Amino acid sequence: GAVVSQHPSRVICKSGTSVKIECRSLDFQATTMFWYRQFPKQSLMLMATSNEGSKATYEQGVEKDKFLINHASLTLSTLTVTSAHPEDSSFYICSARDKSNTEAFFGQGTRLTVV
Amino acid sequence: GEDVEQSLFLSVREGDSSVINCTYTDSSSTYLYWYKQEPGAGLQLLTYIFSNMDMKQDQRLTVLLNKKDKHLSLRIADTQTGDSAIYFCAGKGYGGATNKLIFGTGTLLAVQP
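Residues numbered from 1 in each chain as written. Chains lettered and ligands numbered in written order. Predicted model: local features only at pLDDT ≥ 70, side-chain atom pairs only at ≥ 80, totals over all residues. Heavy atoms only, no water.

**Quick look at the overall build of chain A**
Okay, so step 1: The number of helices and strands found in chain A is 0 helices and 11 strands.
Okay, so step 2: Beginning at the N terminus, the succession of helices and strands in chain A can be written as β-β-β-β-β-β-β-β-β-β-β.
Okay, so step 3: Since a compact globule built from 115 residues should have a radius of gyration of about 13 Å, the 13 Å found for chain A is in line with a globular shape.
Okay, so step 4: Considered along the principal axes of its C-alpha atoms, chain A spans approximately 40 × 25 × 20 Å.
Okay, so step 5: Here chain A holds 115 residues, and the buried ones make up 50% of them.
Okay, so step 6: Considering only intrachain contacts with a sequence separation of at least 6, the fraction spanning at least 24 residues in chain A is 55%. (Helix = DSSP H or I, 4+ residues; strand = E, 2+ residues; numbered from the N terminus. Rg over C-alpha atoms; globule rule 2.2 N^0.38 Å. Buried < 20%, exposed > 50% of the residue type's maximum accessible area, 1.4 Å probe, protein only. Contact = heavy atoms within 4.5 Å.)

Below you can see the structure in the form of structure tokens.
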């Protein structure tokens, strides 16, 4: 299957700083990328959907100024957590879908800890 | 919106069959998926079924879909300790710009040696 690489896998940052998480599709063009957040022992919560070259669509309750998403190319999307707070600590997972629109491939996830 | 429910926990012995169940509310999902998540990792797509199918078999995995009851199940034959993980079902609609996946609550499968 297709490969989606997410980086970094773990990051610890201080409160008030910003953190950028990258999601790359390595062997296919991802027309759509999704960003999820997962709390311990819970399901995945969709945060936003991004299409290459256009603004991301955020789910209700997700602050777009807090979670900046950029999908600058067909192989790269980034999520920037701005002015991070301890309550932003979570597991963030990206997913990418190709033109066939059937399968979604997931990155390995990023464990963010804000101290 | 779509609501997808799963039982939280399933424990089986190695070599037995595991059956993980999922119920959903939105019958417009054209594809239904099963994903596996190991601790601290992303999701691995195991299999998916198109909504006009009743059953799909892929090696040790069998997916059954009952559209009338909006019930999806994943059967793992000859369950191994390496199958221990959280399993998520997910549904996807058709059309529209996003086609986002809605995930179930997840089932923790524990395989006892």
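That shown, we press on.
**Some details on the sheet that holds strand S8 (residues 76-81) of chain A**
Residue and element names in this part refer to chain A.
Okay, so step 1: One open sheet holds the 4 strands; their spatial order is S1-S3-S8-S7, and the pairing between them is antiparallel. What marks the edges here is a single partner per strand, and that holds for strand S1 (4-7) and strand S7 (67-73). Strand-to-strand twist across the sheet, computed as the mean angle between neighbouring axes with direction ignored, equals 15°. (Pairing = 2+ DSSP bridges. Axes fitted to C-alpha atoms, helices over the stretch in contact; angles between N-to-C directions.)

**What to know about the state of the cysteines**
Okay, so step 1: Inspection of the entire model under this criterion finds 2 disulfides over all chains.
Okay, so step 2: In this model, B:Cys22 is linked to B:Cys89 through a disulfide, with the two sulfur atoms separated by 2.0 Å. Disulfide B:Cys22 to B:Cys89: torsion about the S-S bond roughly 70°, handedness right-handed. In this pair, B:Cys22 is assigned in strand S3 (residues 18-24) and B:Cys89 in strand S9 (residues 85-92), connecting sequence segments 67 residues apart. The pair B:Cys22 / B:Cys89 is uniform in exposure class, with both members buried.
Okay, so step 3: The cysteine A:Cys13 is free of any disulfide, with A:Cys94 supplying the nearest cysteine sulfur at 18 Å. (Disulfide = S-S within 2.5 Å.)

**What to know about the interface of chain A and chain B**
For interface size, the figure often reported is the accessible area lost on association.
Okay, so step 1: Counting residues at the interface gives 20 residues for chain A and 20 residues for chain B.
Okay, so step 2: Between chain A and chain B, roughly 1,600 Å² of surface is buried when both sides are summed, and carbon and sulfur atoms account for 52% of that area.
Okay, so step 3: Remark: the boundary between chain A and chain B carries 4 residue pairs in polar contact (both at pLDDT 80 or more).
Okay, so step 4: Broken down by secondary-structure element, the contributors of at least two residues to the side of chain A that touches chain B are strand S4 (32-38), strand S5 (44-51), strand S9 (90-97) and strand S10 (104-106) of chain A.
Okay, so step 5: With 4 residues, the single largest contributor to the side of chain A that touches chain B is S5(A).
Okay, so step 6: Class assignment for the residues of the side of chain A that touches chain B results in 8 nonpolar, 9 polar and 3 charged. (Buried area = accessible area lost by both parts, 1.4 Å probe. Polar contact = N/O pair within 3.5 Å; in protein donor to acceptor, adjacent residues only side chain to side chain. Nonpolar A, V, L, I, M, F, W, Y, C, P; charged D, E, K, R; others polar.)

**A look at the pattern of salt bridges**
All names here are of chain B.
Okay, so step 1: Throughout the structure, instances matching the rule amount to 5 salt bridges over all chains.
Okay, so step 2: Note that Glu 38 is salt-bridged to Lys 36, the shortest N-O span being 3.4 Å.
Okay, so step 3: Residue classification places Glu 38 among the partly exposed residues on the basis of a relative accessible area of 37%.
Okay, so step 4: We classify Lys 36 as buried; its relative accessible area is 10%.
Okay, so step 5: Between Asp 83 and Arg 60 there is a salt bridge, and its shortest N-O distance comes to 2.9 Å. (Salt bridge = Lys/Arg side-chain N within 4 Å of Asp/Glu carboxyl O.)

**Some words on the pairing of S3(B)**
Looking down a regular strand, the side chains alternate between one sheet face and the other.
Residue and element names in this part refer to chain B.
Okay, so step 1: Of the two faces of S3, only the one carrying Ser 18, Ile 20, Cys 22 and Tyr 24 is buried; Val 19, Asn 21 and Thr 23 on the other face are not.
Okay, so step 2: For S3 and strand S8 (residues 71-76), the ladder comprises 6 bridges, and the chain directions are antiparallel. Bridging across to S8, Thr 23 finds its partner in His 71.

**Re the nonpolar core**
One recurring pattern in soluble globular proteins is that nonpolar side chains are buried together.
Okay, so step 1: A:Val4, A:Trp35, A:Phe67, A:Leu79, A:Tyr92 and A:Leu112 are the most contacted members of the largest nonpolar core, which totals 25 residues.
Okay, so step 2: Of all the secondary structure elements, the ones that give two or more residues to this core are strand S2 (10-13), strand S3 (19-25), S4, S5, S7, S8, S9 and strand S11 (110-114) of chain A.
Okay, so step 3: Sequence-distant contacts of A:Val4, that is, excluding residues within four places in its chain, are made with A:Cys23, A:Arg24, A:Phe28, A:Cys94, A:Ala96, A:Phe105, A:Phe106, A:Gly107 and A:Gln108.
Okay, so step 4: Counting residues in hydrophobic clusters, the runner-up holds 20 residues, among them B:Trp34, B:Leu46, B:Leu72 and B:Ala85. (Core = buried A, V, L, I, M, F, W, Y, C linked by side-chain atoms within 4.5 Å.)

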